[in-house]
Amino acid sequence: MTGAADDADDVARAPRIPGPRRAADDHADLTTRPPEASGTETEETEETEEPEVPEVPDLSHNVLKSLLGAWALSACSAGETRAVENHLTACAPCADEALRLRDAVTLLHEDRDLDLDPLLRSRVLENCLGRRPARIPVPDWVTPYDAETARLDALLRDIGESEWHAPVRLKWYEEDRVVRRKATVAGVIGHLFAVDGLVTTALGLDDPLGPDVPELSPTERTEAFWTALDRPPNRSVRGPWRDQSHTLIRTIAFAGRGVADLTVTYKDFALPLQDSLLERAFECWRHADDIATAVAYPYAPPSGPHLHGMIDLAARLLPGALANRRRAGLAGPAKELVAAGAPGRSLHLEVEGAGGGHWYISLDSPAAIGSPERAVAQVAMDGVEFCQLVAGHITPEEAAAGQDGDREAIKDVLSATASLSRL
Amino acid sequence: MGMDTPPRWDRRMQQRLARGEAAALGEFYDRFAALVHSLAHRVLDDDAAADQVTREVFGYVWENPDSYDPKQGNMRSWVAKLAQRQAVHRLRQAEALAYAETGVGSAEELEQKVHRATVAARADYIVTSMPAPLRKALELAYFQRRDYRQTAADLGVTEDEARRRLRLGLQLLSSAHARPLEGSSPPGYGRPL
């Protein structure tokens, strides 16, 4: 770095002048092109040069030297550019530095972080673990959550500061109608942070909402988090959210086998930890998709196997959701009594595309077993579309499903699917 | 998450990797994958090749976490060096192969190409590692074509300060030309992965 004390020397060494030049003392002739500092002159200066003669300010050596960076970046006024270039013909140290800085400018280029393929992560990690098996592995059932949180985090790394406040339109299905709510990107991360906290506390770790928080539903936890903030959430929520997800994965990895069946309570219902993590992965993806839409970034669905796990979870929850709706009078009465564990009337759910498969949803009782032989209706849907229905992003009516068989069963199952959604 | 990771984080990560924690590997990837991939891409100018280098660098780190020496610098600079060296190694291989097949080119041209790629990758690393105020000023002046007065206004600093930041940022960047790659590597870091 050039110190400030060498100014006198600079002038003394001035005779070593770079490049061709006109008479250095011919200050009056401002209409001629100033001599160029070097052959590395880029087109940018040519373009910014104004046709009319700029007034060349009379600047001290110190100021001229301080302008070299701006000059190299073509970020000074036309007059200053002339003044610097005139100076370069007379001051060798400045001319040397000008050359170096111009060269440095050519090394600048656009960041291309965005192009990192999200699927590369699992390939790289797999390769590592093939070369040296982990002594403390991450259980397979955690990988969807691991992958989805990593994908969302990569998206968040790429968005600008102001985009954290971009409006996000949240939409879900409640009591058979669409509910909407406005949030921001940062608000949505706060939501994920607050609800992931249910898993955190189930693992015996400190609740991110603070000590002595009563048992709350996911929505209530989110409201509690949002209202506790004294200003609108900003990008600073990313760190705590990400740290929590890393801590969850790590804690589960260390906890070993038994932990998969630990119960996570969501106030109105409960899931085993294994399913809860899958549910959190699903929510993470859905909300990452909401965020990506809000900031106009592309965002792909999860990998096939992970999507399959999420669809499978929804399919397993459907008989219970149907029974709840029946009790609330929102679904038709059971058509038959089935003994627990026996095959009962079923709906054949065929999900197409990556992560797809066949599921048989028991219609009359959560205790009965879905069975191909007892299928009374069939619904065929694309995997991502099915997930949109689960998330309440589309209504049962909008779900462009290929349908066949018992109309009432189909309507009840599609409505029950949408009823799985919440904030 | 800031660019400067505290030494404590580095040491702890090294310990966790050494004891074979898969969760640590994931966190390590999340922190450094973009850096490794972009440096490799800058050298090789090819997505598939950059993917491959990423795979190799992380494989190496996972198998040899003990080869990181905190006394030689932070983990980020170690990872950057590994990425750069492996990418240059690949570039040499690819160029040698192309030469064997076509007979076009010379050892001198290869060295020039390697040198250019190395300088470019080092420059990228310098930009991502320089203090944020300098990087911001460069971004405004170069990518958003703001002049230094507008840059000063955007950053809420004096015009003097904006000029200082632009000059200092470019001075740092120009050091990418100065140091030879292998000479800058601490002992023991000099072999391909």
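Since the structure is predicted, the reported quantities are computational estimates derived from the model, not experimental observations.

So, how was this worked out
Residues numbered from 1 in each chain as written. Chains lettered and ligands numbered in written order. Predicted model: local features only at pLDDT ≥ 70, side-chain atom pairs only at ≥ 80, totals over all residues. Helix = DSSP H or I, 4+ residues; strand = E, 2+ residues; numbered from the N terminus. Contact = placed C-beta atoms within 7 Å. Pairing = 2+ DSSP bridges. Axes fitted to C-alpha atoms, helices over the stretch in contact; angles between N-to-C directions. pLDDT = per-residue confidence, 0-100. Nonpolar A, V, L, I, M, F, W, Y, C, P; charged D, E, K, R; others polar. Buried ≥ 20, exposed ≤ 12 C-beta atoms within 10 Å, placed from the backbone. Core = buried A, V, L, I, M, F, W, Y, C linked by C-beta atoms within 7 Å. Domains from an automatic or database assignment. Expected span 1.5 Å × (residues − 1). Arc of directions from axis to C-beta. Parallel < 35°, antiparallel > 145°, perpendicular 65-115°, else oblique. Left-handed = near helix turned anticlockwise from the far one by under 90°.

## Considering the overall build of chain B
And then number 1: In terms of helices and strands, chain B carries 9 helices and 0 strands.
And then number 2: Counting from the amino terminus, chain B carries its helices and strands in the arrangement α-α-α-α-α-α-α-α-α.
And then number 3: Excluding contacts between residues fewer than 6 apart, the proportion of contacts in chain B whose partners are at least 24 apart in sequence is 70%.

## Some thoughts on the sheet that holds strand 7 (residues 369–382) of chain A
Hydrogen bonds between backbone groups are what pair the strands of a sheet, and the pairing can be parallel or antiparallel.
Residue and element names in this part refer to chain A.
And then number 1: Here 4 strands make up an open sheet; going across it, the order is 6-5-7-8 and the pairing mixed. Each of the sheet's edge strands pairs with one partner strand only, and the pair in question is strand 6 (357–362) and strand 8 (402–405). For this sheet the average axis-to-axis angle between neighbouring strands, irrespective of direction, equals 30°.
And then number 2: Sheet analysis places strand 5 (residues 343–352) next to strand 7, joined by 9 bridges and oriented parallel.

## Overview of the confidence of the model for chain B
Residue and element names in this part refer to chain B.
And then number 1: Scored by pLDDT, chain B has a mean of 87; 89% of the residues are at 70 or more.
And then number 2: Within chain B, no element has a lower average pLDDT than helix 9 (residues 181–184), which sits at 40, and none a higher one than helix 3 (residues 47–63), at 96.
And then number 3: Reported for the predicted complex are a pTM of 0.79 and an ipTM of 0.82.

## Structural notes on the environment of Ser245(A)
Residue and element names in this part refer to chain A.
And then number 1: Mapped onto the elements, Ser 245 comes out in helix 11 (residues 238–255).
And then number 2: Along the backbone, Ser 245 and Asp 261 are 16 residues apart, and their C-alpha atoms lie at a distance of 19 Å.
And then number 3: Here Ser 245 is in contact with Thr 149 and Asp 196, once residues within four sequence places are set aside.

## A few points about the interface of chain A and chain B
And then number 1: On the chain B side, the residues contacting the 43 residues of chain A number 44 residues.
And then number 2: Counting only elements with at least two residues in the side of chain A that touches chain B, the list comes to helix 4 (68–72), helix 6 (92–105), helix 7 (120–131), helix 8 (143–158) and helix 11 of chain A.
And then number 3: Examining the composition of the side of chain A that touches chain B, we find that 9 residues originate from one element, helix 7 of chain A, more than from any other.
And then number 4: Along the lines of polarity and charge, the residues of the side of chain A that touches chain B split into 26 nonpolar, 5 polar and 12 charged.

## Some thoughts on the pairing of strand 7 of chain A
And then number 1: As judged from the 4 bridges shared by strand 7 of chain A and strand 8 of chain A, these two strands associate in the antiparallel manner. Each bridged residue has a counterpart across the sheet, and for Val379(A) the counterpart in strand 8 of chain A is Gln403(A).

## Some words on unusual backbone geometry
Residue and element names in this part refer to chain A.
And then number 1: For Asp 212, which is not glycine, the phi torsion reads 60° and is therefore positive.
And then number 2: Of note in this structure, Lys 267 is not a glycine but carries a positive phi near 70°.
And then number 3: Note on placement: Lys 267 falls in the loop between strand 3 (263–265) and strand 4 (270–272).
And then number 4: The class for Lys 267 is partly exposed, based on 14 C-beta atoms found within 10 Å.

## Looking at the nonpolar core
And then number 1: Among the nonpolar cores identified, the biggest contains 111 residues, and Leu347(A), Val413(A), Leu39(B), Ala83(B) and Ala87(B) are the most heavily contacted of them.
And then number 2: Top contributing element to this core by residue count: helix 2 (residues 22–44) of chain B, with 15 residues.
And then number 3: Split by domain, the residues of this core number at least three in each of domain 2 (119–294) and domain 3 (304–419) of chain A.
And then number 4: Setting aside residues no more than four positions away along its own chain, Val413(A) makes contact with Leu318(A), Leu322(A), Leu347(A), Ile361(A) and Val379(A).
And then number 5: Ranked by size, the runner-up nonpolar core spans 36 residues in total, among them Ala70(A), Ala95(A), Leu138(B) and Leu170(B).

## Things to note about helix 8 of chain A
And then number 1: The first and last C-alpha atoms of helix 8 of chain A sit 23 Å apart over 16 residues, in line with the 22 Å expected at 1.5 Å per residue.
And then number 2: Counted residue by residue, helix 8 of chain A has 12 buried out of 16 residues, so it is predominantly covered.
And then number 3: Turning to helix 8 of chain A, its buried residues number three or more, namely Thr143(A), Pro144(A), Tyr145(A), Asp146(A), Ala147(A), Glu148(A), Thr149(A), Ala150(A), Arg151(A), Leu152(A), Leu155(A) and Leu156(A).
And then number 4: In this fold, the buried residues of helix 8 of chain A make contact with helix 7, helix 11, helix 12 (273–294) and helix 13 (304–327) of chain A together with helix 2 of chain B.

## Points about helix 1 (residues 7–18) of chain B
Residue and element names in this part refer to chain B.
And then number 1: An ideal rise of 1.5 Å per residue puts 16 Å on 12 residues; helix 1 measures up with 16 Å between its terminal C-alpha atoms.
And then number 2: Of all the positions in helix 1, only Met 13, Gln 14 and Leu 17 are classed as buried. All buried residues of helix 1 lie within an arc of 100° about the axis, which places them on one face of the element. The exposed set on the far side of helix 1, more than 90 degrees from its buried face, consists of Arg 8, Arg 12 and Gln 15.
And then number 3: Looking at the packing, one finds that the buried side of helix 1 touches helix 2, helix 3 and helix 4 (75–102).
And then number 4: Gly 20, located one to two residues past helix 1, shows a positive phi value of around 80°.

## Examining the packing of helix 9 (residues 185–202) of chain A against helix 12 of chain A
Residue and element names in this part refer to chain A.
And then number 1: Running from amino to carboxyl end, helix 9 crosses helix 12 at an angle of 175°, the nearest separation of the two axes being 10 Å. It follows that helix 9 is roughly antiparallel to helix 12 by the angle criterion. In this structure, helix 9 uses Val 185, Val 188, Leu 192, Val 195, Asp 196, Val 199 and Ala 202 to contact helix 12, whose residues at the interface are Leu 273, Ser 276, Leu 277, Arg 280, Glu 283, Cys 284, His 287, Asp 290, Ile 291 and Ala 294.
And then number 2: In terms of residue class, the contact of helix 9 with helix 12 is made up of 11 nonpolar, 2 polar and 4 charged.

## Points about the environment of Ala123(B)
And then number 1: Assignment of secondary structure puts Ala123(B) in helix 5 (residues 107–129).
And then number 2: For the pair Ala123(B) and Leu134(B), spaced 11 residues apart in sequence, the C-alpha separation works out to 14 Å.
And then number 3: Not counting chain neighbours up to four residues away, the residues in contact with Ala123(B) comprise Leu107(A), Leu173(B) and Ala176(B).

## A short note on the pairing of strand 6 of chain A
Residue and element names in this part refer to chain A.
And then number 1: Alignment of strand 5 against strand 6, held across 6 bridges, turns out to be antiparallel. Across the sheet, Ser 346 pairs through a bridge with Ser 362, a residue of strand 6.
And then number 2: Hairpin connection between strand 5 and strand 6: a loop of 4 residues separates the two successive antiparallel strands, and Gly 353 in this loop has a positive phi of roughly 85°.

## Section: the packing of helix 6 (residues 132–143) of chain B against helix 7 (residues 148–155) of chain B
Residues and elements named next belong to chain B.
And then number 1: Packing of helix 6 against helix 7 leaves a shortest axis separation of 9 Å and a crossing angle of 135°. One element, helix 6, and the other, helix 7, form an angle in the oblique class. Handedness of the crossing formed by helix 6 with helix 7: right-handed. Contact with helix 6, carried on its side by Lys 136, Ala 137, Leu 140 and Ala 141, involves Tyr 148, Thr 151, Asp 154 and Leu 155 of helix 7 and no other residues of that element.
And then number 2: Of the residues contributing to the contact of helix 6 with helix 7, the split by class is 5 nonpolar, 1 polar and 2 charged.

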